[in-house]
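Each chain is listed here by its residues.
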Amino acid sequence: MLEASAGDTVIEQWSLGSEFFVIVGGTAAVSVDGEQARELGPGDFFGELRALEWGAGYTYPRLASVRATSPLKLLVFPEGTLQELVDRYPPVAEVIRAAVADRLPRHS
């Protein structure tokens, strides 16, 4: 379990960490290129793209920054463990992959 104070940056855009985070308590703001993209609260997650693709032979940077907007409690899945979870529980994989599809920038 990781705790962050309001105002703390949990992940920085363009960094290469591969942890996956689930918010247990508190709120966070997601920003992309300095612009707020969405708010997150209990049950929401982030870091899924890097966490799922870390061992695939290529590297994605973090595409957004996440900052605590209130005291935050996070369940942290270390590098490599999210893939084990989604392999074991396909419905979890479906939810996470849907979030990836929704959150990735779309180019026409």
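**Observations concerning the sheet that holds strand β2 (residues 9-11)**
If you walk across this open sheet you meet the four strands as β2-β7-β4-β5, and the pairing is antiparallel. Of all strands in the sheet, those with a lone pairing partner are β2 and β5 (35-40), marking the two edges. Neighbour-to-neighbour, the strand axes of the sheet open up by a mean angle of 30°, direction not taken into account. As judged from the four bridges shared by strand β4 (residues 28-32) and strand β7 (residues 65-68), these two strands associate in the antiparallel manner. Looking at the pairing, Ala29 lines up with Arg67 of β7.

**Regarding the sheet that holds strand β8 (residues 72-77)**
The strand order β1-β8-β3-β6 describes an open sheet built from four strands, whose pairing is antiparallel. With partners counted over all chains shown, the strands left at the sheet margins are β1 (2-4) and β6 (45-46), one partner each. Pairing of strand β3 (residues 20-25) with β6 involves two bridges; the strand directions are antiparallel. Within the sheet, the bridge partner assigned to Phe21 lies in β6 and is Phe46.

**Quick look at the nonpolar core**
Judged by nonpolar contacts, the single largest core of 14 residues is most densely connected at Val10, Ile23, Phe46, Leu72 and Leu74. Residue assignment for this core shows that the elements contributing at least two residues are β2, β3, β4, β7 and β8. Ignoring anything within four residues of it in the chain, the contact list for Val10 reads Ala4, Phe21, Phe46, Val66, Arg67, Leu72 and Leu74.

**Some remarks on the environment of Pro42**
Checked against the element boundaries, Pro42 lands in the loop between β5 and β6. Along the backbone, Pro42 and Leu74 are 32 residues apart, and their C-alpha atoms lie at a distance of 9.0 Å. Aside from chain neighbours lying at most four places away, what touches Pro42 is Ile23, Val24, Gly25 and Gly26.

Scoring rules and cut-offs
- Residues numbered from 1 in each chain as written.
- Predicted model: local features only at pLDDT ≥ 70, side-chain atom pairs only at ≥ 80, totals over all residues.
- Heavy atoms only, no water.
- Pairing = 2+ DSSP bridges.
- Helix = DSSP H or I, 4+ residues; strand = E, 2+ residues; numbered from the N terminus.
- Axes fitted to C-alpha atoms, helices over the stretch in contact; angles between N-to-C directions.
- Core = buried A, V, L, I, M, F, W, Y, C linked by side-chain atoms within 4.5 Å.
- Buried < 20%, exposed > 50% of the residue type's maximum accessible area, 1.4 Å probe, protein only.
- Contact = heavy atoms within 4.5 Å.

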